[in-house]
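Residue strings, one per chain:
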Amino acid sequence: MTIESYVQQILQRVEISKRQHYDLTTEMTTYLEEKKQHYKQQGLSEEAALERTFRDFGEIEAVGKSLSTALFPQRRWALWYLAFAAVVYAVLVGTVVAVKPPLIWSILLCVSALISIAFIRKQFYIAHYRGLFLLFCSMHIVLWAIGILYLDQAQGIVLFMLRGCSILYLGAIIYNICLGALYQPIIQQYEALSFKKRTFTIMINAISGIVIISYFLLFVAGVWFFGIDSTNLTYTLESLQMLVIPTTMLCCWFAVIMASKLHRYMIPVSWVIQLALLCAVVIRFYS
Amino acid sequence: MDKEQLRGSLDLLVLSRILQQQNYGGGIIQDILRDSNEQLEISEGSLYSLLKRLEKKQLIVSHWESTQRRKYYQLTKKGMFYVEQKLADWRLLNQLIESAIGEDKHDD
């Protein structure tokens, strides 16, 4: 094994930005090269010097774990929490309710839990492919939402227990989504913010996102189930018109989030617009 | 050395080493391991992680040395204050232990 691959294997276990990854690679490689040269000067062969250098530095797993704990301790526990919550949710909903969800749903949840555990050893990919990780979290949300459809068959204490479990599972998903943005932001504008401001921004983004996307999906579901009539085109078109405002709101929200990533002065503006959008949804919902 | 005892003192050990003079990561690790006469059963990688943790806690800052590809670490004001506090605590504890031992000897 070369020094480069040894360092890369260690850093695969740590969720860090590209800049931090480059810095750590350079720093550790330089140190290990110097150590190897030191042993070679003492008369050891290339292979023996390398082996001694790696032995002194420590096992890949142990060093990776200690670096991950030092730089981003929250992610390891968040991923364990997500995996555990997914399995418990799959087992409870799959066994307790009268009409059971399809087996493929339970299998997908367990596979998602296994992928979450795999991410613990490959945290590097979470930082470098944040989009894919968010897609993976979205898959968890879809599976969670499918499970919710089966909950109402339960009653009394069982229903209460299942709802509690579903809230914990949703919490695990949202926690994992927000963690990266909070502690290892890949967007430069967010990285420049203080921790408090960043937390506030993420919170606003998450709350407004959940409310506006749910509002949009609610209307889509309503139109899908009740608004489409193949024999009555006028009725269908009138129903589709109901989607105009939710779609506009969703587009506005998306544009505001994208704009806040362009310049840091846009971040406070995005707070105001998102709050205005939230108020608009609440007013429309209750009127 | 007892691992629990070591874990509690390792931060102070590294910080006091940097307090003496700014140094690069490898240099700090080598100095600590050399001075301990291999009493410390801790890997270099773990000491590296410790440096990163102290940097994250803003007790130390680092900068690149342009010619040697080495990253040098030095204490921040917060780090200096932390070291002073910890050293005072450590000295007080040491004094209490020494005086307790002294009293025992006196009783004998």
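Residues numbered from 1 in each chain as written. Chains lettered and ligands numbered in written order. Predicted model: local features only at pLDDT ≥ 70, side-chain atom pairs only at ≥ 80, totals over all residues. Heavy atoms only, no water.

Visitor: Looking at this model, I keep getting lost on the interface of chain A and chain B. Mind explaining?
Guide: One widely used convention gives an interface's size as the accessible area the parts lose upon coming together. On the chain B side, the residues contacting the 19 residues of chain A number 19 residues. Among the residues chain A hides against chain B, the three largest losses belong to Glu27, Tyr31 and Ala70 of chain A. Together they make up 33% of the total. Across the contact surface, chain A and chain B share four salt bridges. With a shortest N-O distance of 3.7 Å, Lys71 of chain B and Asp23 of chain A are connected by a salt bridge. Here chain A and chain B share 11 residue pairs in polar contact (both at pLDDT 80 or more) between them. Looking at the side of chain A that touches chain B, the element that brings in the most residues is helix H2 (residues 18-41) of chain A, giving nine residues. For the side of chain A that touches chain B, the class distribution of residues is 10 nonpolar, four polar and five charged. (Contact = heavy atoms within 4.5 Å. Buried area = accessible area lost by both parts, 1.4 Å probe. Salt bridge = Lys/Arg side-chain N within 4 Å of Asp/Glu carboxyl O. Polar contact = N/O pair within 3.5 Å; in protein donor to acceptor, adjacent residues only side chain to side chain. Helix = DSSP H or I, 4+ residues; strand = E, 2+ residues; numbered from the N terminus. Nonpolar A, V, L, I, M, F, W, Y, C, P; charged D, E, K, R; others polar.)

Visitor: What's the story with the nonpolar core in this structure? I'm lost.
Guide: In a soluble, globular protein the nonpolar side chains are often hidden away together inside. Ile10, Met28 and Phe57 of chain A together with Val14, Ile18 and Ile60 of chain B are the most contacted members of the largest nonpolar core, which has 37 residues in total. Sorting the residues of this core by element identifies helix H1 (3-11), H2, helix H3 (46-57) and helix H4 (60-71) of chain A together with helix H1 (3-20), helix H2 (25-35), helix H3 (44-56) and strand S3 (70-75) of chain B as the ones contributing at least two each. Listed in part, the 30 residues of the second largest apolar core include Tyr89, Leu109, Ala113 and Ala154 of chain A. (Core = buried A, V, L, I, M, F, W, Y, C linked by side-chain atoms within 4.5 Å. Buried < 20%, exposed > 50% of the residue type's maximum accessible area, 1.4 Å probe, protein only.)

Visitor: Explain the side chain of Gln12 of chain A to me, please; I cannot follow it from the model alone.
Guide: Residues and elements named next belong to chain A. Locating Gln12 in the fold gives a position in the loop between H1 and H2. Side-chain polar atoms of Gln12 contact the side chain of Lys122, separated by 2.8 Å. Beyond its immediate chain neighbours, meaning those up to four positions away, Gln12 contacts Arg121, Lys122, Gln123, Phe124 and Tyr125.

Visitor: What should I look at first to understand the layout of surface pockets in this one?
Guide: A water-sized probe rolled over the atoms picks out the places where empty space is left. All names here are of chain A. Here the largest pocket defines a volume of roughly 1600 Å³. Around the largest pocket, the lining comprises 38 residues; the ones closest to its centre are Ile141, Gly209, Ile210, Ile213 and Trp253. Contributing elements (two or more residues each) for the lining of the largest pocket: helix H8 (130-151), helix H9 (156-183), helix H11 (195-227), helix H13 (244-260) and helix H14 (266-286). At 13 residues, the largest contribution of residues to the lining of the largest pocket is made by H11. In the lining of the largest pocket, the residues fall into 31 nonpolar, five polar and two charged. Lining the lining of the largest pocket are residues from two domains, each supplying at least three of them: domain 2 (73-185) and domain 3 (187-287). (1 Å grid on protein atoms, 1.4 Å probe; cavity = no way out; pocket = protein on both sides within 12 Å on 5 of 7 lines; lining within 4 Å. Points joined across faces, edges and corners; volume = space filled by probe spheres on them. Domains from an automatic or database assignment.)

Visitor: Would you take a moment to explain the domain arrangement of chain A for this structure?
Guide: The domain boundaries assigned to chain A delineate domain 1 (3-70), domain 2 (73-185) and domain 3 (187-287). Here the C-alpha centre of domain 3 of chain A lies 46 Å away from the C-alpha centre of domain 1 of chain A.

Visitor: Could you clarify how one ought to interpret the confidence of the model for chain A in this entry?
Guide: When pLDDT is low, close inspection of the predicted coordinates is not appropriate. Looking at chain A as a whole, the pLDDT averages 87, with 100% of positions reaching at least 70. The lowest-confidence element of chain A is helix H10 (residues 188-192) of chain A, averaging 74 in pLDDT; the highest-confidence one is H1 of chain A, averaging 92. (pLDDT = per-residue confidence, 0-100.)

Visitor: Just to check I follow, could you spell out the pattern of salt bridges for this structure?
Guide: Pairs can form between side chains of opposite charge once their charged atoms are near each other. Residues and elements named next belong to chain A. As enumerated under the stated definition, the model contains 15 salt bridges over all chains in all. Between Glu61 and Arg121 there is a salt bridge whose closest N-O contact spans 2.9 Å. Here Glu61 is found in helix H4, whereas its partner Arg121 is found in helix H6 (residues 103-121), with 60 residues between them in sequence. Its relative accessible area of 31% is what places Glu61 among the partly exposed residues. Since its relative accessible area comes to 44%, Arg121 is described here as partly exposed. Through salt bridges with shared partners, a single network forms among Glu33, Lys36, Lys40 and Glu46.

Visitor: Help me understand the sheet that holds strand S2 (residues 60-65) of chain B in this model?
Guide: Either a parallel or an antiparallel arrangement is found when strands of a sheet pair, and the pairing is made through backbone hydrogen bonds. Taking strand neighbours across the sheet as the criterion, the three strands line up as S1-S3-S2 (chain B) in an open arrangement whose pairing is antiparallel. Each of the sheet's edge strands pairs with one partner strand only, and the pair in question is strand S1 (23-24) and S2 of chain B. Taken together, the two bridges between S1 of chain B and S3 of chain B define a ladder with antiparallel strand orientation. Across the sheet, Asn23 of chain B pairs through a bridge with Tyr73 of chain B, a residue of S3 of chain B. The sheet contacts of H2 of chain A involve S1, S2 and S3 of chain B, and relative to S3 of chain B the element is tilted by about 105°. (Pairing = 2+ DSSP bridges. Axes fitted to C-alpha atoms, helices over the stretch in contact; angles between N-to-C directions.)

Visitor: Please clarify how H4 of chain A should be interpreted in this entry.
Guide: Every α-helix carries 3.6 residues per turn, so stepping three or four residues along brings you back to the same face. Over its 12 residues, H4 of chain A extends 16 Å from the first C-alpha to the last, a length consistent with the 16 Å expected when each residue adds 1.5 Å. Taken together, the buried positions of H4 of chain A are occupied by Ile60, Val63, Gly64, Leu67, Ser68, Ala70 and Leu71 of chain A. The arc that holds the buried residues of H4 of chain A, viewed along the axis, is 160°, so those residues lie on one side. Among the structural elements, H1, H2, H3, helix H5 (73-96) and helix H7 (123-128) of chain A together with H3 of chain B are those in contact with the buried residues of H4 of chain A. (Expected span 1.5 Å × (residues − 1). Arc of directions from axis to C-beta.)

Visitor: What is the right way to read the pairing of S3 of chain B from this model?
Guide: As a general feature of sheets, a regular strand has side chains that alternate between the two faces. Residues and elements named next belong to chain B. Of all the six residues making up S3, five are buried; the element is thus mostly covered by neighbouring parts of the structure. Summarising the sheet, S2 and S3 pair through six bridges and their orientation is antiparallel. The residue of S3 that forms the bridge with Ile60 is Leu75.

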